[in-house]
Amino acid sequence: MNPATALQTGVRLLWERSASVIPVYLLANGLYGIARVPLLLAGALALWLLLVGGRLDPLVDVLRKVESGAGPGDPDPTDLEAVFPGLSDALTNLLTPEMVALVAVGGVLSVALALVVSAIGNAAAIGAIVGVLRDDDGVRAAVDGARRHWRAFLVVRLLLFATLGVVIVPIVAVVVAVAGYSGPIDPAAAVAGGPPGAATVLGIVAAVFGLLVTLLVVVVILVLFAFADQAIVVDDVGAFAAIGRSIRFPFRRPIAVLGYVAVAIAALVVSGTVGGAAAAAGTARVSALLGVVLLPPVVDGFKTSLYAETSLPSLPESERTPIGERLRTAFGSGLGALGGFVRSHPAAHLASLAVLLAGGAVGWTATGALGVTFPASGDFTGIFGQVPVGPFANIAVNNWLVATDLAYSGLAAGIPAVVSLAFNGLLVGAVGGVFDPVAFVVLVAPHGVVEVPALVVGGALGLHLGGVAVGTARGRHNTDALAAAIRRAYRVLLGLAPVFVLAAFIEAFLTPAIAGVVIGG
């Protein structure tokens, strides 16, 4: 199969079989919520230890001074110590060896979990694509692929990192040694415009050459490992056999590999261009959708089709519908699925709401006890600008992705959903505990009455999926039931999308105006 046909297959996978592909990529992205759990728990525990140990008291004293207006007049705003006298000492007081060690352990565990989650998510994604190429159900194939192949995917990633380290470290060591022999560049001589010495030239040449060699080596290694994931699923082999087949692939089909390199570079360029344009337009969060649900299925579909030499079966004429009709059907059925899920799972929603409120109560109590209250002031009507289209889009996309994370990370027995709900409630409650009560209600309530219930539904989805996953592991449910639950969660999330759009519209366009009227400013 030539690269052009494979690329067409990747595009068609997203365009024609989106209902079988997008849920799996949202799942793969949402699973990273599992990896955040150790770091969130470590941070919360560290904060609690600081609070009960009295180490937050100096920082609270600084905040009280700020609240009372004490301190030098008209300080330089870039000089934090002048604006907040004693801030450096207060922050240093928090960085005890125990706190640093606790957060470090949480970070290490999160990185380890991220590797495992990456293997599971990629095994599910490639499994889904291979399943669709074989005209099977993509979500069902994703569940099978994750259960069957995640260990092999993990081994491939570990071997890739080990190979990069073994090859790159000696190169870097040689470059550093040569640069050290040449000696540092003399700034005074450089400013004076004199010619650099021979040793300095040697050091610069060594650094540039080392950088180019390192880049070349990294690219070669990545290309040699590029098709290992596809080999695991397509050929149903283990990690070592898959790596061997991936290494041999460029020698067997060099034109195909050159096509892959070209497409990979093009994908990076498109991603960077769209991300830069979105950032310039103030909609940086919107570009996350490109990196989650648009480019990855196309690139993975292209690679898998290229390796397996298989194209996507054509849809029957009766199943080909215009994109507008498909979108209306998808979001319409999503709203129906949302209502059905809320009605059929009241216990999950009550539990989700209880966790969120409990986190909020803890945060409110903890910060309220500090005795610090920041008054509301400022121009609320201009908080997002005169035409806040960018913030509106960012808020809508961000909240929908948060709900997606809550839902799909809950597959780990519901634990990540509980932790994320509690943490988000803790943050909101902590802000409420140190903010003027009237201003807090006015700034949160207008959009919160829409946004918070939607997040509660996301948390309930996570708890429900966690229950189904545990039941599947114990043999009470089969794989089909788990795949059906994942597919239903996707439909519910589609139904939540317009709800988050409404909440974001209220927050960006209406909440600042309401606050300006009620509070003034």
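Residues numbered from 1 in each chain as written. Predicted model: local features only at pLDDT ≥ 70, side-chain atom pairs only at ≥ 80, totals over all residues. Heavy atoms only, no water.

Participant: Honestly, the environment of Gln230 in this entry has me stumped. Any pointers?
Facilitator: Positionally, Gln230 belongs in helix α11 (residues 228-234). When the C-alpha positions of Gln230 and Ser305 are compared, they lie 9.2 Å apart, and in sequence the two are 75 residues distant. Not counting residues within four places of it along the chain, the set of residues in contact with Gln230 comprises Ile126, Asp235, Asp300, Lys303, Thr304 and Tyr307. (Helix = DSSP H or I, 4+ residues; strand = E, 2+ residues; numbered from the N terminus. Contact = heavy atoms within 4.5 Å.)

Participant: Whenever I open this one, the nonpolar core confuses me. Can you help?
Facilitator: Where a protein is soluble and globular, its nonpolar side chains tend to be buried together. Core analysis: the largest hydrophobic core is formed by 62 residues, its most contacted members being Leu26, Tyr408, Ile486, Leu493 and Leu496. Here this core takes twelve residues from helix α20 (residues 479-519), the largest share from any one element. Those residues in contact with Tyr408, other than ones at most four positions away along the chain, are Pro23, Leu26, Leu27, Gly30, Leu31, Leu465, Ile486, Ala489, Tyr490 and Leu493. If you look at the next biggest cluster of nonpolar residues, it comprises 36 residues, including Leu154, Val223, Phe227 and Ala239. (Core = buried A, V, L, I, M, F, W, Y, C linked by side-chain atoms within 4.5 Å. Buried < 20%, exposed > 50% of the residue type's maximum accessible area, 1.4 Å probe, protein only.)

Participant: Even after reading the chapter, I still don't get the pattern of salt bridges, so can you show me in this structure?
Facilitator: Side-chain pairs of opposite charge can arise where the charged atoms are in close proximity. Throughout the structure, instances matching the rule amount to ten salt bridges. The partner of Asp144 in a salt bridge is Arg140, and the shortest N-O contact between them spans 2.3 Å. With Asp144 and Arg140 both in helix α8 (residues 138-182), this residue pair falls four residues apart, about one helical turn. Residue Asp236 pairs with Arg148 through a salt bridge whose shortest N-O separation is 2.8 Å. On the criterion of sequence distance, the pair formed by Asp236 in the loop between α11 and α12 (239-252) and Arg148 in helix α8 is long-range, its members being 88 residues apart. What you see here is one network of salt bridges that share partners, running through Arg140, Asp144 and Asp480. (Salt bridge = Lys/Arg side-chain N within 4 Å of Asp/Glu carboxyl O.)

Participant: Where do I start with the layout of surface pockets in this structure?
Facilitator: Where empty space is left in the structure can be found by rolling a water-sized probe over the atoms. Estimated volume of the largest pocket: approximately 1,200 Å³. Looking at the largest pocket, it is lined by 36 residues, and the ones nearest its centre are Asn122, Tyr260, Val299, Asp300 and Lys303. Counting only elements with at least two residues in the lining of the largest pocket, the list comes to α2 (18-30), α7 (97-133), α8, α10 (198-225), α11, α13 (254-280) and α14 (287-308). Considering only residue class, the lining of the largest pocket consists of 25 nonpolar, seven polar and four charged. (1 Å grid on protein atoms, 1.4 Å probe; cavity = no way out; pocket = protein on both sides within 12 Å on 5 of 7 lines; lining within 4 Å. Points joined across faces, edges and corners; volume = space filled by probe spheres on them. Nonpolar A, V, L, I, M, F, W, Y, C, P; charged D, E, K, R; others polar.)

Participant: Mind showing me how you'd approach the side chain of Gln230 here?
Facilitator: Looking at Gln230, the relative accessible area reads 1%, which means it is buried. Within polar-contact distance, the side chain of Gln230 engages the side chain of Thr304 at 3.3 Å. (Polar contact = N/O pair within 3.5 Å; in protein donor to acceptor, adjacent residues only side chain to side chain.)

Participant: Quick question: what am I supposed to make of α20 here?
Facilitator: An α-helix turns once per 3.6 residues; consequently, residues spaced three or four apart project the same way. At Leu510, α20 shows its maximal kink, close to 45°; a proline, Pro512, follows between one and four residues later. The residue sitting at the N-terminus of α20 and contributing the capping side-chain oxygen is Asn478; that oxygen lies 3.2 Å from the backbone nitrogen of Asp480. (Bend = angle between axes of the 7 residues up to and from the residue.)

Participant: In this structure, what is going on with the packing of aromatic side chains? I would like to understand it.
Facilitator: Pairs of aromatic rings are described using the distance from one ring centre to the other and the angle between the two planes. As enumerated under the stated definition, the model contains eight aromatic pairs in all. Relative to Tyr260, the ring of Phe227 lies with its centre 5.2 Å away and its plane at 65°, an arrangement referred to as edge-to-face. Here Phe227, found in the loop between α10 and α11, pairs with Tyr260, found in helix α13; they are 33 residues apart in sequence, far enough to count as distant. Neither residue differs from the other here; Phe227 and Tyr260 are each classed as buried. Aromatic ring contacts, followed pair by pair, group Phe227, Phe249, Tyr260 and Tyr307 into a single cluster. One residue, Lys303, lies across the ring of Phe227, its end atom 5.8 Å from the ring centre. The ring of Trp15 carries the charged tip of Arg326 above its face, separated from the ring centre by 5.7 Å. (Phe/Tyr/Trp six-rings, centres within 6.5 Å; stacked < 30°, edge-to-face > 60°. Lys NZ or Arg CZ within 6 Å of the ring centre and 35° of its normal.)

Participant: Looking at this structure, how should I read the environment of Phe153?
Facilitator: Within the fold, Phe153 resides in helix α8. On the accessibility criterion, Phe153 (0% relative accessible area) is buried. In this structure, the C-alpha to C-alpha distance between Phe153 and Gly238, residues 85 residues apart in sequence, is 8.7 Å. Leave out the neighbours within four places in its chain, and Phe153 touches Ala119, Asn122, Ala123, Ile126, Asp229, Ile232 and Val233.

Participant: Whenever I open this one, the environment of Thr511 confuses me. Can you help?
Facilitator: Within the element layout of this structure, Thr511 appears in helix α20. The exposure class of Thr511 is buried, given its relative accessible area of 3%. The spatial distance from the C-alpha of Thr511 to the C-alpha of Pro446 is 6.1 Å, given a sequence separation of 65 residues. Residue contacts for Thr511: discarding those within four places in its chain leaves Val442, Leu443, Pro446, His447 and Ile506. A distance of 3.4 Å separates the side chain of Thr511 from the side chain of His447, its partner in a polar contact.

Note that every value here comes from positions in space, so none of it alone points to a role or purpose.
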